[in-house]
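# Working through the structure, step by step
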Amino acid sequence: KKNVLIIGAGGVAQVVAHKCAQNNDILGDLHIASRTVAKCEAIIASVHEKGAMKVPGPFQAHGLDATDTGAVAALIGATRAQIVINVGSPFVNMSVLDACITTGAAYMDTAIHEDPAKICEAPPWYANYEWKKRDACKAAGVTAILGVGFDPGVVNAYARLAEDRFIDKITSIDIVDINAGSHGRWFSTNFDPEINFREFTGTVYSWQKGAWQENTMFEVGREWDLPVVGKQKSYMTGHDEVHSLANRYPDADVRFWMGFGDHYINVFTVLKNLGLLSEQPVKTAEGQEVIPLKVVKAVLPDPASLAPDYTGKTCIGTLVKGEKDGKPAEVFVYNIADHKDAFNEVGSQGISYTAGVPPVAAAILIAQGTWDAGRMVNVEDLDPAPFLDLLNGMGLPTRVKDAAGDRDMTF
Ligand code: NDP
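It should be emphasised that the depicted structure is a prediction, and the values quoted were computed from it without experimental measurement.

### Regarding the side chain of aspartate 174
Structurally, the position occupied by aspartate 174 is in strand S7 (residues 169-179). A distance of 2.7 Å separates a polar atom in the side chain of aspartate 174 from a polar atom in the side chain of arginine 255. Dropping the residues within four chain positions of it, aspartate 174 is found in contact with Arg222, Trp224, Arg255, Trp257, Gly317, Thr318 and Leu319.

Have a look at this one:
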């Protein structure tokens, strides 16, 4: 058994907490820490409300500023946590990682580190921050699994699965993320608006023809005809996993596609052109200084509040093309998740659910020794079979579509 410390108390942390509780016979004592301790307490209360604890055991809330490495290390020590699941904001990654390296606890996150002072991080994303700590992790024997949400995360395991079983020579990897659900609000982002908008305000990077290519947002569109969710419009966007996958498969084109409706694009374009997505402070006529992006965040719905009314499904997958036995081949490895099912099980919407279940599967594999790598890795560096096998039973089943048909993937 290994004690778990969850950092952050947002939408994804809610799912992580429920899934840790459902598996606390394998994991050990559970702890959750965030800036606002009341949010941690509310999450623990919802865990008990659903009767989610598999076996009786402690689940404690803590107040923490996760940008303070010393404070994180002290909490790891006090809780005797051996696994830290960082699902706080991406601004806290490096301080939490440093605390894990100091204390020897295993580290996990679901997004690259971001500098709040920068509008948008440019590639090579992992090499900008996290990979600089690879030697330190190795020297300390610390397991750090980067980007183990859904995308990045499960989609990286899907690419590796294609390499292991379906395609000999990979020529392209297209990650497709479609949310065909509806939250019923006039406008809302599905996760932190600040992070959501930051993802789309800068240059769009993709890895094609062996080099980084640059486009503008909503410049390159593609329509997909996908299982369950059908025909869907998507646009090429930059995303963490394009970097790590391009590093492993440098000869392949690696692109990320996100589904957007026309309404989202209209609202986003207006906000951006008005300057309301800027993180640079402006002065009002009254002399008050405000950050436009923070104001927009404050007036938009809290993404966690969307959960009760969210209906519909998500389809997220990895399309891998190349050659098998000298002939052209392609495979689409994917998952379908349902917003309502997620809410009924853990009280969250589907986007948080798909991001929050995978790090708990990874924590179980660390506790069991299967994924306890003793170094820093991205998900595609690890054997995907035990991970996807666990996820099949944890609410995120893998399906495969290729020339042989469309079927459940079993391991
Ligand atoms: P939320 O904004 O809902 O939650 C973030 C949490 O981080 C909040 O509880 C906040 O604390 C906490 N936090 C922020 N700063 C600090 C700090 N200095 N010290 C302690 N806690 C802090 O985000 P989500 O739950 O939606 O997302 C969490 C992470 O998951 C993000 O990094 C996001 O990018 C990532 N993500 C990954 C996905 C994937 O598939 N890979 C998909 C979706 C999200 P408080 O509320 O107490 O102020």
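### Details of unusual backbone geometry
In the segment running from proline 123 into proline 124, the intervening peptide bond is cis, with an omega of 5 degrees. In this structure, proline 124 sits in the loop between strand S5 (106-109) and helix H5 (125-128). The omega torsion across aspartate 151 and proline 152 is 5 degrees, close enough to zero to call that bond cis. Position of proline 152 relative to the elements: it lies in the loop between strand S6 (144-146) and helix H7 (154-166). Backbone geometry places lysine 209, a non-glycine residue, at a positive phi of 55 degrees. By secondary structure assignment, the location of lysine 209 is in the loop between strand S8 (204-208) and strand S9 (211-215). Even without a glycine there, the phi angle at phenylalanine 218 is positive, about 65 degrees. With respect to the helices, strands and loops of the structure, phenylalanine 218 is situated in the loop between S9 and strand S10 (221-226). Its relative accessible area of 18% is what places phenylalanine 218 among the buried residues.

### Examining helix H2 (residues 37-49)
An ideal rise of 1.5 Å per residue puts 18 Å on 13 residues; H2 measures up with 18 Å between its terminal C-alpha atoms. Cys40, Ile43, Ile44, Ser46 and Val47 are the residues of H2 that are buried. Angularly, the buried residues of H2 cover 160 degrees about the axis, an arc narrow enough to put them on a single face. Where the residues of H2 are buried, they touch helix H1 (11-22), strand S2 (30-34) and strand S3 (59-63). Looking one or two places after H2, you find glycine 51, whose phi comes out positive at around 60 degrees.

### Thoughts on the pairing of strand S16 (residues 327-338)
Pairing analysis gives twelve bridges linking strand S15 (residues 313-324) to S16, with the strands arranged antiparallel. Within the sheet, the bridge partner assigned to lysine 324 lies in S16 and is lysine 327. Linking S15 back to S16 in an antiparallel pair, the connection comprises two residues, with aspartate 325 at a positive phi of about 50 degrees.

### Section: the domain arrangement of the protein chain
We note that the domain assignment places domain 1 (4-149 + 353-392) and domain 2 (154-349 + 398-405) within the protein chain. The straight-line distance from the C-alpha centre of domain 1 to that of domain 2 is 22 Å. Taken together, the 41 residues of domain 1 in the interface contact 38 residues of domain 2. Summed over both partners, the interface of domain 1 with domain 2 buries about 3200 Å², with 59% contributed by carbon and sulfur atoms. The partner of glutamate 345 in a salt bridge is lysine 19, with the nearest N and O atoms 2.6 Å apart. If you look at where domain 1 meets domain 2, you find 18 residue pairs in polar contact (both at pLDDT 80 or more). Counting residues per element, the ones that place at least two in the side of domain 1 that touches domain 2 are H1, H5, helix H13 (350-367) and helix H14 (384-394). Of the residues belonging to the side of domain 1 that touches domain 2, the class tally is 25 nonpolar, eight polar and eight charged.

### Structural notes on the nonpolar core
A general tendency of soluble globular proteins is for nonpolar side chains to be buried together. Core analysis: the biggest nonpolar cluster contains 134 residues, and Ile6, Ile145, Phe197, Trp371 and Phe387 have the highest contact counts within it. In terms of residue count, the dominant contributor to this core is H13 (nine residues). When residues of this core are assigned to domains, at least three fall in each of domain 1 (4-149 + 353-392) and domain 2 (154-349 + 398-405). The residues touching isoleucine 6, leaving out its near neighbours within four places in the chain, are Ala13, Val16, Ala17, Cys20, His31, Ile32, Ala33, Phe59, Ile85 and Val87.

### Remarks on the site of the ligand
As a matter of local geometry, the ligand sits amid 27 residues, with Ala9, Ser34, Thr36, Lys39 and Ala66 nearest to it. Arginine 35 places a polar side-chain atom, nitrogen or oxygen, 2.9 Å from an oxygen atom of the ligand. Serine 89 is positioned such that a nitrogen or oxygen atom in its backbone is 3.2 Å from an oxygen atom of the ligand. If the ligand stood free it would expose 930 Å²; the protein chains cover 87% of that surface. Classifying every residue of the shell around the ligand gives twelve nonpolar, ten polar and five charged.

### With respect to the environment of valine 142
Among the structural elements, valine 142 can be located in the loop between helix H6 (134-140) and S6. Setting aside anything within four residues of it in sequence, one finds valine 142 in contact with Cys100, Ile101, Gly104, Ala105, Cys137, Gly374, Arg375 and Met376.

### A closer look at the pattern of salt bridges
One pass over the structure, following the stated rule, counts 20 salt bridges. Where glutamate 194 meets lysine 294, a salt bridge forms, and the shortest distance between an N and an O atom there is 3.0 Å. A residue pair is termed long-range when its members are at least 10 positions apart, and glutamate 194 in helix H8 (residues 193-201) and lysine 294 in helix H11 (residues 292-299) qualify at 100 residues.

### Overview of the packing of H8 against H11
One way to put it is that H8 packs onto H11 with a least axis distance of 9 Å and a crossing angle of 130 degrees. In terms of their interaxial angle, H8 and H11 are classed as oblique. Seen along the crossing, H8 lies across H11 with a hand that is right-handed. Contacts between H8 and H11 pair Pro193, Glu194, Phe197 and Arg198 from the former with Leu293, Lys294, Val296 and Lys297 from the latter. Class assignment of the residues belonging to the contact of H8 with H11 gives a composition of four nonpolar, no polar and four charged.

Rules used throughout
- Residues numbered from 1 in each chain as written.
- Predicted model: local features only at pLDDT ≥ 70, side-chain atom pairs only at ≥ 80, totals over all residues.
- Heavy atoms only, no water.
- Helix = DSSP H or I, 4+ residues; strand = E, 2+ residues; numbered from the N terminus.
- Polar contact = N/O pair within 3.5 Å; in protein donor to acceptor, adjacent residues only side chain to side chain.
- Contact = heavy atoms within 4.5 Å.
- Buried < 20%, exposed > 50% of the residue type's maximum accessible area, 1.4 Å probe, protein only.
- Expected span 1.5 Å × (residues − 1).
- Arc of directions from axis to C-beta.
- Pairing = 2+ DSSP bridges.
- Domains from an automatic or database assignment.
- Buried area = accessible area lost by both parts, 1.4 Å probe.
- Salt bridge = Lys/Arg side-chain N within 4 Å of Asp/Glu carboxyl O.
- Nonpolar A, V, L, I, M, F, W, Y, C, P; charged D, E, K, R; others polar.
- Core = buried A, V, L, I, M, F, W, Y, C linked by side-chain atoms within 4.5 Å.
- Near = heavy atom within 4 Å.
- Areas by Shrake-Rupley, 256 points an atom, 1.4 Å probe, with all protein chains shown as cover.
- Axes fitted to C-alpha atoms, helices over the stretch in contact; angles between N-to-C directions.
- Parallel < 35°, antiparallel > 145°, perpendicular 65-115°, else oblique.
- Left-handed = near helix turned anticlockwise from the far one by under 90°.

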